[in-house]
Amino acid sequence: EMCIRDRINGERKNRIENIINDNLNPTYLDVIDDSKSHQGHHQAPESGESHYNVTIISNSFSGMNRLEKERMVYKLLKEEFNNGLHALSLKLSDK
């Protein structure tokens, strides 16, 4: 039971990393699952994998304002949001 749960945990993190690497070709990427600190909060699923802190440095963001950068990332991860991802805390820059 524990093993299966452990195997499943981390899969969303891997998908997020793959999507960002494939689309934004970042020079720096850090994805931290912060779901534990949100457990018991309104709408936070018990399974975790719902809240992430994501730091991305990518030339793809060049010339964009904060809102445009965030919108770009949310769009890339749309499927994950449709599928249980609840919130991202984003730190985005082009250098």
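Residues numbered from 1 in each chain as written. Predicted model: local features only at pLDDT ≥ 70, side-chain atom pairs only at ≥ 80, totals over all residues. Heavy atoms only, no water.

A. Layout of the nonpolar core. Counting residues in hydrophobic clusters, the biggest one holds 14 residues, and the most contacted among them are Tyr52, Val54, Ile56, Val73 and Leu88. Of all the secondary-structure elements, those providing two or more residues to this core are α2 (11-24), β2 (51-57) and β3 (87-93). Setting aside residues up to four positions removed in sequence, Val73 forms contacts with Leu24, Ile56, Phe61, Leu88, Leu90 and Leu92. (Core = buried A, V, L, I, M, F, W, Y, C linked by side-chain atoms within 4.5 Å. Buried < 20%, exposed > 50% of the residue type's maximum accessible area, 1.4 Å probe, protein only. Helix = DSSP H or I, 4+ residues; strand = E, 2+ residues; numbered from the N terminus. Contact = heavy atoms within 4.5 Å.)

B. Broad picture of the pattern of salt bridges. Enumeration over the complete set of coordinates arrives at five salt bridges. We note a salt bridge from Lys95 to Asp94, for which the minimum N-O separation is 3.5 Å. One network of salt bridges, in which partners are shared, links Arg12, Arg15 and Glu80. (Salt bridge = Lys/Arg side-chain N within 4 Å of Asp/Glu carboxyl O.)

C. Expanded view of the environment of Glu70. Secondary-structure assignment places Glu70 in helix α3 (residues 66-76). The class of Glu70 is buried, set by a relative accessible area of 17%. Sequence separation of Glu70 and Leu92 is 22 residues, and the distance between their C-alpha atoms is 7.6 Å. Apart from residues no more than four positions distant in its own chain, Glu70 is found in contact with Leu90 and Leu92.

D. Region of the structure containing α2. With 14 residues, α2 ought to run about 20 Å at 1.5 Å a step, and its terminal C-alpha atoms sit 20 Å apart, in line with that. Along α2, the positions that sit buried rather than exposed are Arg12, Ile16, Ile20 and Leu24. Summarising the axial view, the buried residues of α2 lie within an arc of 65°, below the 170-degree limit, and thus occupy one face. Phi turns positive one or two residues past the end of α2, at Asn25, with a value near 40°. (Expected span 1.5 Å × (residues − 1). Arc of directions from axis to C-beta.)

E. Here's a closer look at α3. For α3, the full list of buried residues reads Lys69, Glu70 and Val73. The buried side chains of α3 occupy one side of the element, clustering within an arc of 95° when seen end-on. Exposed residues lying more than 90 degrees from the buried face of α3 are Leu67, Arg71 and Lys75. Summarising the contacts, the buried residues of α3 are in contact with α2, β2 and β3. The residue sitting at the N-terminus of α3 and contributing the capping side-chain oxygen is Asn65; that oxygen lies 3.0 Å from the backbone nitrogen of Leu67. (Polar contact = N/O pair within 3.5 Å; in protein donor to acceptor, adjacent residues only side chain to side chain.)

F. Quick peek at the side chain of Arg12. Here Arg12 is to be found in helix α2. The buried category is assigned to Arg12, whose relative accessible area is 7%. A polar contact is formed between the side chain of Arg12 and the backbone oxygen of Asn83, at a distance of 3.0 Å. Every residue in contact with Arg12, bar those within four places of it in the chain, is listed here: Glu49, Tyr52, Glu80, Asn83, Gly84 and Leu85.

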